[in-house]
Structures are given as C-alpha cells and as structure tokens.
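Fold and geometry: a report
The lines below spell out each chain.
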Amino acid sequence: MTLIRRYVLPAMKQPVFQWMAFLGVFIVVGVVAALMVFIKGLYITNLSDLVPWGLWISIDLSAIALAACAFSVSALAYLARRESLKPVAKTAVFVGFVGYSMAMMMLLLDIGRPDRFWHGFVFWNIHSALWEVTICVGLYFTVLMMEVLPIIGHWDVVEQRFPKISHSLGSLHKLTPVLAVIGLGLSTLHQSSLGLTYGKLVAKPIWYRPWPMAINFYISAIVGGIALVTFISLFAARLTPRARIDKAVLARMAYGVGWGVLFLFAVRWWDLMSSMPAGYVPGKTEALYILTRGRLAFSFWGLEIVLGMILPAILLLVPRFRGNERVRMVALALIAMGVIAYRWNTNLVGQLVVFGTVAGSDIPVFTHYMPSLVEILTGVGVIAYGLLAITFGVRFLNVIDHGEVVEAPAETSVPAAMVPSSR
Amino acid sequence: MSTKIDRRDFLKLGAAATATAAISIGMSDRGLIPLPATSAKAEADAEAKAKSAQRAARKWVMVVDQNKCVGCDLCLAACHAYNDTPPNISWSRVEEVEPTSEGKRVFRPMPCQHCENAPCVEVCPVRATYHREDGLVMMNYDRCIGCRYCQLSCPYGARFFNWEKFTGPNPDVPHAGTPEVERRPRGVVEKCTFCVHRIDRGLSVGLIPGVDPDATPACVVACIYGARTFGDLNDPDSPVSVLLREHPEAYRLHEQLGTEPRVYYIPAESKEDAAS
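Below is a short write-up of the structure. From a predicted model like this one, the values you see are computed outputs, not experimental measurements.

What to know about the overall build of chain A
Across its full length, chain A holds 17 helices and 2 strands. Considering only C-alpha atoms, chain A reaches an extent of 70 × 55 × 40 Å along its principal axes. Taking as baseline every contact in chain A between residues at least 6 positions apart, the subset at least 24 positions apart corresponds to 76%. Summed over its atoms, the accessible surface of chain A is roughly 18,800 Å², and 72% of this surface lies on carbon and sulfur atoms. The positive charge centre, built from 32 side chains, and the negative charge centre, built from 20, are 7 Å apart in chain A.

Considering the overall build of chain B
If you tally the helices and strands in chain B, you get 9 helices and 9 strands. Classification of the 276 residues of chain B by burial places 47% in the buried group. Expressed as a percentage of contacts within chain B between residues at least 6 apart in sequence, the contacts between residues at least 24 apart total 62%. Accessible surface, chain B: about 14,200 Å² in total, of which carbon and sulfur atoms supply 56%.

Here's the deal with the packing of aromatic side chains
Taken as a whole and judged by the stated rule, the model has 25 aromatic pairs over all chains. Their ring planes at 80° and their centres at 5.2 Å tell us that A:Phe22 and A:Phe26 sit as a pair that is edge-to-face. In this pair, A:Phe22 and A:Phe26 both sit in helix H2 (residues 15-40), 4 residues apart, roughly one turn of the helix. Taking 6.2 Å as the distance between ring centres and 20° as the angle between the ring planes, the aromatic pair formed by A:Phe71 and A:Tyr218 counts as stacked. With A:Phe71 in helix H4 (residues 69-79) and A:Tyr218 in helix H11 (residues 210-239), this pair connects stretches of sequence that are 147 residues apart. For B:Arg183, the ring lying beneath its charged end belongs to B:Phe166, and the centroid distance is 3.7 Å.

Notes on the packing of helix H12 (residues 247-275) of chain A against helix H16 (residues 325-352) of chain A
Residues and elements named next belong to chain A. It is at 11 Å that the axes of H12 and H16 come closest, and there the two elements cross at 40°. With respect to each other, H12 and H16 are oriented oblique. Seen along the crossing, H12 lies across H16 with a hand that is left-handed. Of H16, the residues touching H12 (which contributes Lys247, Ala251, Ala254, Val257, Val261 and Arg268) are Glu325, Arg328, Leu332, Ile335 and Tyr342. For the contact of H12 with H16, the residue count by class is 7 nonpolar, no polar and 4 charged.

Details of the pattern of salt bridges
Going through the model one piece at a time under the given rule, you end up with 27 salt bridges over all chains. A salt bridge links A:Lys200 to B:Glu122; its shortest N-O distance comes to 2.5 Å. Here A:Lys200, found in the loop between helix H10 (176-199) and H11, pairs with B:Glu122, found in helix H4 (residues 119-123), and the two come from separate chains. Exposure remark for A:Lys200: the relative accessible area of 22% places this residue in the partly exposed category. Between A:Glu325 and A:Lys247 there is a salt bridge; the shortest N-O distance is 3.2 Å. Of the two residues, A:Glu325 sits in helix H16 while A:Lys247 sits in helix H12, which places them 78 residues apart along the sequence. Overall, A:Glu325 belongs to the buried group, its relative accessible area being 13%. A single network of salt bridges, built from pairs that share partners, joins B:Arg55, B:Arg132, B:Glu133, B:Asp134 and B:Asp200.

Brief notes about helix H9 (residues 163-171) of chain A
Residues and elements named next belong to chain A. Taken together, the buried positions of H9 are Ser166, Leu169 and Gly170. Along H9, the residues classed as buried sweep out an arc of 100° about the axis, all on the same side. Counted as exposed and oriented over 90 degrees from the buried face of H9: Lys164 and His167. Where H9 is buried, its residues meet helix H7 (129-153) and helix H8 (156-161).

Here's the deal with the layout of surface pockets
Residue and element names in this part refer to chain A. Taken as a whole, the largest pocket holds about 1,200 Å³ of empty space. As for the largest pocket, its lining consists of 39 residues, and the residues nearest its centre are Leu228, Phe231, Ile232, Leu387 and Ile390. Residue contributions to the lining of the largest pocket peak at 7 residues, all from helix H17 (residues 373-396). Looking at the lining of the largest pocket residue by residue, the class counts come to 29 nonpolar, 8 polar and 2 charged. Estimates place the volume of the second largest pocket at around 580 Å³. Looking at the lining of the second largest pocket, the elements with two or more residues in it are helix H3 (55-66), helix H5 (86-110), helix H6 (119-122), H7 and H10.

Topic: the interface of chain B and chain A
If you look at the interface, chain B gives 40 residues, while chain A gives 44 residues. Summed over the three residues of chain B that lose the most area to chain A, namely B:Tyr149, B:Leu152 and B:Trp163, the buried surface amounts to 24% of that side. One can count 3 salt bridges joining chain B with chain A. Inspection of the chain B/chain A interface yields 24 residue pairs in polar contact (both at pLDDT 80 or more). Only strand S2 (93-97), strand S3 (106-110), H4, helix H5 (149-153) and strand S6 (159-161) of chain B provide two or more residues apiece to the side of chain B that touches chain A.

Structural notes on the environment of A:Ala221
Assignment of secondary structure puts A:Ala221 in helix H11. With residues up to four places along the chain from it excluded, the contact list for A:Ala221 reads A:Ala65, A:Ala68, A:Gln191 and A:Arg343.

A look at unusual backbone geometry
Residues and elements named next belong to chain B. The residue after Val173, namely Pro174, is reached through a cis peptide bond having omega 5°. Of note, Pro174 is situated in the loop between S6 and strand S7 (189-191). For Asp73, which is not a glycine, the phi torsion comes out positive at approximately 65°. With respect to the helices and strands, the residue Asp73 is situated in the loop between strand S1 (60-65) and helix H3 (74-82).

Calculation criteria
- Residues numbered from 1 in each chain as written.
- Chains lettered and ligands numbered in written order.
- Predicted model: local features only at pLDDT ≥ 70, side-chain atom pairs only at ≥ 80, totals over all residues.
- Heavy atoms only, no water.
- Helix = DSSP H or I, 4+ residues; strand = E, 2+ residues; numbered from the N terminus.
- Contact = heavy atoms within 4.5 Å.
- Areas by Shrake-Rupley, 256 points an atom, 1.4 Å probe, with all protein chains shown as cover.
- Lys, Arg positive; Asp, Glu negative; His and termini not counted.
- Charge placed at Lys NZ, Arg CZ, Asp CG, Glu CD.
- Buried < 20%, exposed > 50% of the residue type's maximum accessible area, 1.4 Å probe, protein only.
- Phe/Tyr/Trp six-rings, centres within 6.5 Å; stacked < 30°, edge-to-face > 60°.
- Lys NZ or Arg CZ within 6 Å of the ring centre and 35° of its normal.
- Axes fitted to C-alpha atoms, helices over the stretch in contact; angles between N-to-C directions.
- Parallel < 35°, antiparallel > 145°, perpendicular 65-115°, else oblique.
- Left-handed = near helix turned anticlockwise from the far one by under 90°.
- Nonpolar A, V, L, I, M, F, W, Y, C, P; charged D, E, K, R; others polar.
- Salt bridge = Lys/Arg side-chain N within 4 Å of Asp/Glu carboxyl O.
- Arc of directions from axis to C-beta.
- 1 Å grid on protein atoms, 1.4 Å probe; cavity = no way out; pocket = protein on both sides within 12 Å on 5 of 7 lines; lining within 4 Å.
- Points joined across faces, edges and corners; volume = space filled by probe spheres on them.
- Buried area = accessible area lost by both parts, 1.4 Å probe.
- Polar contact = N/O pair within 3.5 Å; in protein donor to acceptor, adjacent residues only side chain to side chain.

Structure, rendered in structure tokens:
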C-alpha cells in the first residue's frame with residue numbers, strides 16, 4: 001500500500017501516466033479477448049471460408065507497411081548519408097520495431113495453429129510469397145532488435161543499475177550501417193512480396209497482377225512509414241519537452257513525403273487504369289464495382305484517394321499551406337491513414353466477390369464481412385500496445401531526440417538548427 | 001608462434017579438410033558419394049524409390065457424367081461418413097447449374113480438382129499441402145499452421161478450415177458408412193483427398209482403383225447412377241480412359257486459369273443433340 005501511495009498515486013497526476021493507464025485498460029481487455037480466441041477457437045470470429053483474412057490481417061498489413069519507416073529512414077541516413085536524418089532514424093527504428101511486434105501478435109492470433117508459428121522457418125516452400133514474407137519478417141525483426149537494443153541500453157534505469165550491460169548494448173550501435181544494408185534488402189523483399197502474396201492468386205481476378213501489386217505495396221509502405229515517423233515526431237514534440245525535434249529536418253522530410261505521395265498517387269492511378277478491363281471480366285468487374293461504387297467506395301475514394309493521397313499532396317507541396325506546422329501534421333497523419341485504407345480495401349475487395357467457389361457462384365455473387373466484437377477488441381488491444389510502447393519510448397527511452405548527436409560529434413555537418421527546440 | 005606451415009602440417013590440414021568434406025557430403029542426402037549404407041537402410045531406400053516410381057506412373061482422374069447426376073447427394077453422405085468430416089464441412093458439393101435447352105435439371109459435383117499446377121501447393125508457406133508422385137494434392141495436417149492462404153488461392157473453393165473442433169457424433173454415420181480416417185484437429189485446413197487411403201490400401205492388396213470398389217473413392221462407389229468414374233488415365237483400359245475417349249467433349253473447370261485440374265465433366269446434352 002505504501003508503495004502505491006508513494007509512487008503510483010503521484011505518478012497518476014501526470015497526464016502521460018493517465019494516458020498509459022487508459023491504454024492499459026484496452027490492453028487488458030484485448031488480452032482477455034485473445035485468450036478467448038486461443039481457448040475457444042477461431043469460430044467465435046466473423047471470419048469464414050469465403051473471407052478467411054479479415055480485420056486482423058488488415059491490421060497486420062498496415063503495421064508492417066507503416067513500420068517500413070525503419071528501413072527507409074535508416075537507408076536514407078546511413079546509406080544515402082543524410083547525416084541530419086540519423087536522429088530521425090532512431091525514432092523510425094523504434095517505431096518499426098513496435099510495428100513489427102504488433103504484426104506478429106496479430107498473426108499469432110490469426111493462424112489456426114499458433115503453436116506451429118515456427119514451421120515456416122523449418123519447412124521451406126521457396127515458391128510461396130508468404131513463405132518469403134515469413135522468413136524476411138523473422139530475420140528483419142532480429143535486425144530491428146539489434147538496432148533497438150542500444151536504445152534500451154541508454155535507458156536511465158539500465159545505465160545506472162547495469163552499466164556493463166548498458167555499455168555492451170550501446171556498442172551494438174557500431175553495427176548500424178551494416179544493419180541498415182541488411183534491413184534495406186530484407187524489407188524490400190518482404191514489403192513487395194506482401195503485395196505479391198495477393199498479386200499472384202489466379203483465383204481472384206482483381207488481385208491477379210503480380211508486378212503492380214508488389215510495386216504499390218512497396219512504395220506505399222515507404223511513403224506511409226516516413227509520413228508516420230515524421231508525424232509522430234512533430235506530434236510528440238507538441239505534447240512533451242522530452243521529444244526534442246529539429247523542425248527544419250522534419251519540414252524537409254514532410255516536403256519529401258509530399259512528392260512521395262504524389263508519386264504514389266501516380267503509380268496507384270496507373271495501376272487502376274491499367275487494370276480496368278475494357279469489357280466484362282467475371283469476378284473483376286464486380287470487384288471494381290465494390291471498390292468504386294459499392295461497399296468499399298467511401299473507403300476507396302474518400303479515405304484512400306482523396307484524403308490519403310490528393311489532399312495531403314496539396315497540403316505538403318503548395319507553398320501557401322506547407323509552412324503551417326499544424327497543416328503539415330494533419331497531412332502526414334492522413335497519408336498514414338490512407339495507407340491503412342489501401343491495405344484494408346485491397347485485402348477485402350478480392351474476398352467480397354465470390355466467383356466459382358460456392359454453389360451457384362458461376363455468376364459472381366457478393367458476400368460481406370464485418371469484424372466481430374472479439375476481433376475488434378483484440379485488434380484495439382494490439383493497437384493500444386503499439387501506442388503504449390511508443391509513449392514509453394518517448395517518455396523513457398528518448399527515442400525522439402534530435403538534440404543528441406549520435407555519431408561523430410565533432411563533425412561540422414551538424415546544422416545549427418540541431419540545438420534542442422525550446423518551447 | 002611461427003605462422004609458417006611446413007609440408008607435414010600442410011598435408012595434415014589437407015587430409016583433415018578432405019575427410020571433413022567427404023564425411024559431410026556423404027552424410028548429406030544428395031548422394032554425391034555413394035557411401036556403403038547399412039543394408040536395412042539401403043533396402044528401405046530401394047523400396048521407397050520403387051514405390052515412388054510406381055506412383056509416378058499413375059494419373060488418377062475422376063470423370064463426372066452430368067447426364068447421369070441427379071443431385072441426390074448420396075456421394076456427399078458417403079464422403080462425410082468415410083472421411084468423418086464435421087457437419088459444417090463438405091469436401092465435395094453438388095451444385096445445380098444451368099438446365100439444358102429442354103429444361104432438364106443439370107448438376108455438377110465439385111470435389112477437390114487435384115490440379116497439376118495447384119495454386120494451393122504453390123502458395124502454402126510450409127509445404128503442408130503438396131503433390132505426391134502420382135499427382136494427388138495431399139494435406140499434411142501435422143504441418144499446417146492454419147494461415148488459410150490456400151483458401152484464398154483455390155479457384156474452386158475446395159478447401160475448408162476447421163474453425164472449431166469436431167466433437168460429438170457424425171450425423172452420416174453409420175447409415176452412409178463408417179469413418180476410415182482420423183478426425184482433423186482444430187485450426188488446420190482440410191479438403192477432398194480422392195480417398196487416398198482407399199487407393200493405397202487397395203493397391204497394396206492388388207486391387208485396381210476405379211474398378212474394385214474397395215480401392216475406389218467413397219463418392220464414386222456410393223453413386224447409384226454411375227455418374228462418377230475414377231481411374232488411372234495413364235492406363236488406356238481404365239474406365240476413365242475409355243469414357244474420355246468416347247466423350248471428346250468432356251471439359252474441365254476454369255481451364256483458362258492453367259491449373260490443369262484432374263476432374264473431367266461430360267456435359268449434359270439435350271436429347272436431340274444426343275441423337276444427332
């Protein structure tokens with residue numbers, strides 16, 4: 001009791017701990033829901049043989065896509081030698097680590113035999129895009145862990161109590177450029193293969209375009225990931241002085257993301273136009289109907305195209321708007337949301353049209369999917385975990401700290417703007 | 001310590017390296033160096049090789065005559081019983097399709113098509129579903145992780161996930177047959193096997209699948225109208241070879257996808273067509 005009175009109650013007066021406790025409630029509820037799934041089985045979800053991949057896979061795809069910030073910012077900072085991006089790479093790596101751990105939690109729930117999650121590493125099917133994703137995600141998670149360990153090593157608690165461990169973890173930082181190369185390779189492979197996972201299925205005409213799917217997944221992951229890490233940095237700096245940002249660097253990043261999202265829009269539009277059949281193609285025409293005029297129309301036109309691509313491109317590139325930091329933050333958040341909408345739409349559009357796979361579906365028929373409560377609660381739980389982990393990183397691990405010069409402190413390339421922003 | 005290597009050391013090192021390489025190559029299953037194996041292992045290997053060669057010579061095919069199928073679902077009842085499938089899963093289904101020009105009802109039974117270029121075999125991340133030497137698409141229930149990717153990939157909707165554990169009685173047992181295979185665990189995908197256990201057991205006692213009922217898939221045996229026929233397409237005298245020679249109009253489903261299914265359909269025709 002004294003412990004609670006001495007430590008917990010005063011801490012609860014701080015908004016950050018209130019926020020963490022708030023997230024904790026959702027995590028507890030999510031864990032209970034997940035236990036129900038593990039014990040009772042997947043029949044308590046709304047997944048079916050017609051729509052076997054639902055909300056969980058969408059969250060998993062989105063988490064992996066937005067976690068692409070880790071490899072892309074690392075590559076820019078350490079391979080393209082953008083020195084000013086090195087502190088941002090630290091944030092990106094942490095966010096990426098959280099993203100991949102979210103994805104793995106979702107996957108563990110989604111597969112029917114979670115006790116066999118390791119089979120992919122032992123029983124290889126080199127022809128399967130999903131196998132490649134499994135291997136690359138597994139290896140890349142290890143890479144991310146090695147990149148995140150130095151950050152944990154620099155945590156006050158570890159530094160004070162275990163100085164030796166802190167030192168050895170910190171020395172892992174020397175590997176960062178090497179890890180950036182490996183990360184770039186592994187991420188390029190599995191981000192595009194996730195698109196290929198859908199793109200090579202002959203059974204679903206709307207998905208069956210291997211190259212466009214792979215390219216779209218890859219580009220949207222990079223753009224969405226960089227947008228997310230820029231947004232998180234700006235947003236956290238508004239909430240806490242612990243997040244020390246270099247606004248000039250983030251403004252340049254946001255401007256780059258603006259061009260990136262414009263490019264993404266061009267690629268996506270080219271993909272859509274080239275995949276439009278001239279005549280009636282069974283299965284495909286119906287799926288395009290769902291996407292452009294049916295059930296997914298709002299999510300497609302509204303969230304993905306207009307709010308997710310066109311509007312943020314305007315906000316980030318037109319000189320009148322791009323100077324305003326609030327507008328910039330809104331635009332960056334919209335891009336991340338657009339990428340999530342893209343994953344959701346892509347995953348569902350192929351499954352909502354049933355063609356030739358159930359009785360009477362020689363003429364394509366529509367099915368529907370709405371996640372069940374238990375799916376939503378576990379999904380929210382995993383998202384709450386992600387937010388909690390990022391909050392923890394900002395509060396205790398200094399993951400957003402552009403004031404700290406990571407390497408070569410004597411280097412003159414450190415701009416004057418590197419001085420911690422004072423608010 | 002001197003870093004120089006004299007001749008003696010060099011030879012030693014070379015010998016050690018060669019021995020290591022030889023042992024590791026010999027122990028690998030590539031068979032680059034035929035090491036003398038124990039006789040039991042050699043025998044077992046030879047047996048397995050002979051078996052796979054025998055299997056590779058077969059091409060199991062099902063032919064469905066849509067003129068004969070009346071949609072009675074007797075085949076499904078037999079399938080449910082013999083393969084002990086849960087009530088919410090039916091490995092095969094009988095669909096009603098467009099009637100003939102005369103208005104006669106037409107049905108189309110749909111088992112797993114056992115495609116030669118099976119999308120499910122290609123996409124399974126753990127090779128839990130695979131091709132046997134005779135081309136049958138098999139399921140390894142002990143390896144499946146339940147990711148359900150194969151369900152997305154199948155153009156025929158022939159794969160079913162065990163959303164819950166099948167406990168309790170099977171409504172089709174015993175009147176339609178008795179279970180011959182184990183129930184599958186929760187969380188894995190299952191599908192029609194062409195009753196591979198019946199084929200294998202029948203062959204092992206010298207029966208001919210497709211001719212002898214005990215070696216033939218349960219649905220084929222159960223059909224009292226003779227709509228389903230089974231056999232080895234590589235054998236010119238098998239019932240399926242004869243049937244397909246008589247009916248060059250036989251077709252397969254979704255042939256444009258290039259999956260090369262192993263189930264053939266003889267289309268239903270109106271009487272004038274048949275007479276002409």
